[in-house]
Amino acid sequence: MKNELEGSSALGCGVSVIVPVYNEAKTVGQVVDRLLAQSIVSQVIAIDDGSDHDLGLGKINDPRFVLLRHPTNRGKGAAIRTGLQQATGCVVVIQDADFEYTPEAIPFLVEPILTGKADVCYGSRFAGGQIAPTPRVRRIANGVLTWLSNYATGLSLSDMETGHKAFRRELLEGIEIREKRFGIEPEITTKLARMNARFAEIPVSYAPRSYTEGKKIGVRDGLRALWCIFRYRLGD
């Protein structure tokens, strides 16, 4: 895999990583450092989505690093839209600003795309990777949303709601992203399925955060995801 990926990079096919950030000052600097340590990564775009305090990212001195800011909190979907406008790599990866998903998984996440086997690759928490204990209600909710998404799209994903996703940039730029918050997960999945994009999954390790540690997704986001699955199945 290494030679194939290095060949893709040599042809100018870089990987842009978009990192939405909201108040994750304790972890985002380390996440960015570990992303920049990946030779396959050509660009890291962090979007400070209206954080309440300084994230300490202004001190990062690397030509591959781009810092963007929203004056107020607008949500994960809005941050990804902003980051996508600055992305230059032929592959775009979404990476959370904490360590629920490890940056070291990115070479494996982009491999099916760079080698022409897929247009989209999701890092699945439930396909054999290492996963720390997760609240039962959260796993049930993820399972239900993924099942409904598969029903609506005809896909056979094991983890539609994963926060570790990779896309061919031109494909992602070909859809209008409307969702401002976590509804972006089913929205993108549904719209790309309607375009007959080729999906792949790889197992990834996952270390879930608790709400006291900064977990942000909640019940209303789950209800919104339900709405998004069927709303975008019917059209934009």
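Only a predicted model underlies this, so the values are computations on that prediction, with no experimental measurement involved. (Residues numbered from 1 in each chain as written. Predicted model: local features only at pLDDT ≥ 70, side-chain atom pairs only at ≥ 80, totals over all residues. Heavy atoms only, no water.)

Enquirer: Please provide a residue-by-residue account of the environment of Ile80, values included.
Expert: When you line up the elements, Ile80 lands in helix H3 (residues 76-84). Distance from Ile80 to Ile177, taken between C-alpha atoms, is 9.0 Å for residues 97 residues apart in sequence. Once residues within four sequence positions are removed from consideration, Ile80 is found in contact with Ile18, Pro20, Ile94 and Ile184. (Helix = DSSP H or I, 4+ residues; strand = E, 2+ residues; numbered from the N terminus. Contact = heavy atoms within 4.5 Å.)

Enquirer: Describe the pattern of salt bridges, naming the residues involved and giving the relevant values.
Expert: In this structure the tally under the stated criterion is 13 salt bridges. Here Arg125 and Asp159 are joined by a salt bridge, their closest N and O atoms 2.7 Å apart. Here Asp159 lies in the loop between helix H5 (136-153) and strand E6 (165-168) and Arg125 lies in the loop between strand E5 (120-124) and H5, a separation of 34 residues in the sequence. By relative accessible area, which is 0% here, Asp159 ends up buried. One network of salt bridges, with partners in common, ties together Lys76, Asp96, Lys165 and Glu185. (Salt bridge = Lys/Arg side-chain N within 4 Å of Asp/Glu carboxyl O. Buried < 20%, exposed > 50% of the residue type's maximum accessible area, 1.4 Å probe, protein only.)

Enquirer: Kindly report on the environment of Arg169, identifying the contributing residues and their values.
Expert: With respect to the helices and strands, Arg169 occurs in helix H6 (residues 169-173). Linking Arg169 and Gly89, residues 80 residues apart in sequence, is a C-alpha distance of 7.1 Å. At 3.1 Å, the side chain of Arg169 forms a polar contact with the backbone oxygen of Gly89. (Polar contact = N/O pair within 3.5 Å; in protein donor to acceptor, adjacent residues only side chain to side chain.)

Enquirer: Give me the lowdown on the nonpolar core, citing residues and values where you can.
Expert: Residues Val93 and Val110 are the most contacted members of the largest nonpolar core, which totals 35 residues. Those elements that provide at least two residues to this core are strand E1 (15-21), helix H2 (25-36), strand E2 (41-49), strand E4 (91-94), helix H4 (106-114) and strand E7 (199-203). Excluding its chain neighbours within four sequence positions, the residues that come into contact with Val110 are Val15, Ile40, Val91, Val93 and Ala166. If you look at the next biggest cluster of nonpolar residues, it comprises 31 residues, including Leu68, Leu145, Leu155 and Ile188. (Core = buried A, V, L, I, M, F, W, Y, C linked by side-chain atoms within 4.5 Å.)

Enquirer: Tell me about the side chain of Gln95, and name the residues and values.
Expert: Note on placement: Gln95 falls in the loop between E4 and H4. Gln95 sits in the buried class, given a relative accessible area of 0%. Among the polar contacts made by the side chain of Gln95, one reaches the main-chain carbonyl oxygen of Tyr101 at a distance of 3.0 Å. Side chain to side chain, Gln95 and His164 meet in a polar contact 2.7 Å long. Excluding residues within four positions of it along the chain, Gln95 makes contact with Val17, Ile18, Val19, Pro20, Val31, Leu35, Tyr101, Thr102, Pro103, Ile106, Gly163 and His164.

Enquirer: Hey, could you go over the packing of aromatic side chains for me, with residue numbers and the actual values?
Expert: With the rule as written, the count across this model stands at 4 aromatic pairs. With a centroid separation of 5.2 Å and 40° between ring planes, the pair formed by Tyr101 and Tyr206 is classed as tilted. Residue Tyr101 is found in the loop between E4 and H4, and its partner Tyr206 is found in the loop between E7 and helix H8 (219-234); the two are separated by 105 residues along the sequence. In terms of burial, Tyr101 and Tyr206 fall into one category: buried. Taking 6.4 Å as the distance between ring centres and 75° as the angle between the ring planes, the aromatic pair formed by Tyr122 and Phe167 counts as edge-to-face. Placement of Tyr122 in strand E5 and of Phe167 in strand E6 is noted, with a sequence separation of 45 residues between them. Clustering of aromatic rings is evident, with ring pairs tying together Tyr122, Phe167 and Phe199. Over the face of the ring belonging to Tyr206 we find Arg125, whose NZ or CZ atom lies 4.9 Å from the ring centre. The lysine or arginine in question, Lys165, covers the ring of Tyr122, its NZ or CZ lying 4.6 Å from the ring centre. (Phe/Tyr/Trp six-rings, centres within 6.5 Å; stacked < 30°, edge-to-face > 60°. Lys NZ or Arg CZ within 6 Å of the ring centre and 35° of its normal.)

Enquirer: Go over the sheet that holds E2 with me, naming the residues and quoting the values.
Expert: Spatial strand order, E3-E2-E1-E4-E6-E5-E7: 7 strands in an open sheet with mixed pairing. Two strands lie at the open edges of the sheet, namely strand E3 (65-70) and E7, each paired on one side alone. Averaged over all adjacent pairs, the angle separating strand axes in this sheet is 20°, with direction ignored. Bridging between E5 and E7 involves 5 bridges; their strand directions are parallel. Each bridged residue has a counterpart across the sheet, and for Ser124 the counterpart in E7 is Pro203. On top of the sheet, H2 reaches E1, E2 and E3; it is set at about 165° to E2, its chief contact. Helix H7 (residues 184-194) rests against E5, E6 and E7 of the sheet, and its axis sits at about 35° to E6. (Pairing = 2+ DSSP bridges. Axes fitted to C-alpha atoms, helices over the stretch in contact; angles between N-to-C directions.)

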